[in-house]
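# Survey of secondary and tertiary structure
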Amino acid sequence: MSVALPQALFFTGIDWASAEHAVCVLDAAGKITARFTIKHSAEGIASLVRRLARYGDPADLPVAIERPSGRLVDLLLEAGHPVVPVSPNAIKTWREGEVLSGAKSDAGDAAVIAGYLRLRYHRLAPAAPYCDETRALRAAVRTREDLVQMRVAATNQLSALLEAHWPGARAVFADVESPISLEFLTRYPTPAAARHLGHKRMAAFLVKHGYSGRRPAAQLLARLHGAPAGTAGRALTEALQDAVLAVVAVLRALNGAVKDLDRSVAAHLGEHPDGPVFTSLPRSGQINAAQMLAEWGDCRQAYDGPDSVAALAGVTPVTRQSGKHRGVEFRWACNKRFRRAVTTFADNSRHASPWAAQIYAEARAAGKDHPHATRILARAWIRVIWPCWVNRVPYDPARHRAAAALAGQTPNQSAA
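This write-up is about the structure you can find in this document. Since this is a predicted model, take the numbers as computed values, not measurements. (Residues numbered from 1 in each chain as written. Predicted model: local features only at pLDDT ≥ 70, side-chain atom pairs only at ≥ 80, totals over all residues. Heavy atoms only, no water.)

### A look at the pattern of salt bridges
Considering all chains together, one arrives at 21 salt bridges under this definition. A salt bridge links D132 to R135; the nearest nitrogen and oxygen atoms lie 3.6 Å apart. Highlighted residues: D132 and R135, both in helix α5 (residues 132–165), separated by 3 residues, approximately one helical turn. For D132, a relative accessible area of 55% puts it in the exposed group. (Salt bridge = Lys/Arg side-chain N within 4 Å of Asp/Glu carboxyl O. Helix = DSSP H or I, 4+ residues; strand = E, 2+ residues; numbered from the N terminus. Buried < 20%, exposed > 50% of the residue type's maximum accessible area, 1.4 Å probe, protein only.)

Next comes the structure, spelled out in structure tokens:
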């Protein structure tokens, strides 16, 4: 991040907590000027802003905090303070060097954070201020991603439950979380419930629920009967029915919530000024385009260039060198959501862009595995997207020199 920090005479550290925050203000010499606590409430945060205003212009009063987001951070940014997110691991290591006794308290942690900010000020970067459209899109996208992960967990739980007590129901349909599979489990939650299920009933069930698969009823029945026998005990059957219906209800609710958020994400993406840039990319799709934009952000001053974006997305390696040893390693410290979004796009793009397919193929030919080759392609795409994003110009393969050259065309204007 390259948003410049102003010259500062006072440095504030906040030890965040769910109910009460410890605050410490240091002057330029490292002397404690103020130390107090505030409640995590509207009045508490307002009092913090008022007390910090006594020391000068908020733009010249940086605040360090271990939590990079939340209402406290939002309100400090709205008040004009540069907010500097600091790594909890870095603060832990710093505390061990500063507090030799090993003592720990909230007030002490706030002082450590303020001291870290004062002494490492020239190496730190403030949180990038995002517009309302980006924050709205990020809230919808991240919530959707969390719900998808919850759905994966619930699906795995249902699969394990069926595998343990009724393998046949797990084998009938390819996806146990699909609507038709959930309907089947609702109607036949146990082996006993499906005891009299025959070809005619299965065919009628498929017609009733609009089954669109290509497998006939006889084949689905063969899958059901070909699996190991399920639970037969009365008590266990009752418990299995309750458990299966409970997990099915959770999956139905999650499926509905994800669909609702799909519509919300698409709506907010359409309202975002940078939306056309990301939706113009080959095979990006509405959801994936929104994921990339939500994590990339809209602050042009937040990055030195495309390499900074690639580092944030975790698609550039890290070089470690000591003496005669030199190694290039996978980058662990990054925005994990951003990496998933950009590598997913890169993998999809190679099926629509000959240029992307060529870069991927060259990486594989050089001995890179699929994830590594995808990261190489993602890094190349970031360099292409960068000028489009900076200038708010949608991607056009005819203006992309490398893509146009591969297609035997003459680019009318360079976009990359």
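### Here's the deal with the sheet that holds strand β5 (residues 83–85)
Here 5 strands make up an open sheet; going across it, the order is β3-β2-β1-β4-β5 and the pairing mixed. In the strand order of this sheet, the two ends are held by β3 (32–39) and β5, each with one partner. Taken over all neighbouring pairs, the strand axes of this sheet differ in orientation by 20 degrees on average, direction set aside. Pairing between strand β1 (residues 10–15) and strand β2 (residues 20–27): 6 bridges, direction antiparallel. By the bridge assignment for β2, G13 is matched with C24. Against the sheet, helix α1 (residues 42–53) contacts β1, β2, β3 and β4 (63–65), and its axis sits at roughly 165 degrees relative to β3. (Pairing = 2+ DSSP bridges. Axes fitted to C-alpha atoms, helices over the stretch in contact; angles between N-to-C directions. Contact = heavy atoms within 4.5 Å.)

### Points about helix α15 (residues 354–365)
At 3.6 residues per turn, the α-helix brings residues three or four places apart onto the same side. Its 12 residues place the ends of α15 16 Å apart at the C-alpha level, agreeing with the 16 Å of an ideal helix rising 1.5 Å per residue. Taken residue by residue, α15 has W355, A356, I359, Y360 and A363 as its buried positions. With its buried residues spanning 135 degrees around the axis, α15 presents them on a single face. Among the exposed residues of α15, those pointing more than 90 degrees away from its buried face are P354, E362 and A365. Buried residues in α15 make contact with α14 (336–349), α16 (370–391) and α17 (401–406). (Expected span 1.5 Å × (residues − 1). Arc of directions from axis to C-beta.)

### Concerning unusual backbone geometry
One non-glycine residue, R283, lies in positive phi territory at about 60 degrees. Checked against the element boundaries, R283 lands in the loop between α11 (275–279) and α12 (286–296). Phi is positive for R392, close to 55 degrees, though the residue is something other than glycine. Checked against the element boundaries, R392 lands in the loop between α16 and α17. Classification of R392 as partly exposed rests on a relative accessible area of 46%.

### Quick notes on helix α9 (residues 217–226)
Every buried residue belonging to α9 is among A217, L220, L221 and L224, and all of these are buried. Viewed along the axis of α9, the buried residues span an arc of 100 degrees, placing them on a single side of the element. Buried residues along α9 sit against α6 (167–172), α7 (179–187) and α8 (199–208).

### Describing the environment of A302
Inspection of the secondary structure assignment puts A302 in the loop between α12 and α13 (306–312). Overall, the relative accessible area of 1% leaves A302 in the buried class. Between the C-alpha atom of A302 and that of A125, which follows or precedes it by 177 residues, the distance is 9.1 Å.

### A look at the pairing of β2
The buried fraction of β2 is high, at 7 of 8 residues. The turn joining β1 and β2, which pair antiparallel and follow one another in sequence, is formed by 4 residues. Note that β2 and β3 share 7 bridges and pair antiparallel. What sits directly across from A22, in β3, is T37. Taking the residues that link successive antiparallel strands as the turn, the β2-β3 hairpin has 4 residues, and the phi of G30 there is positive, at about 90 degrees.

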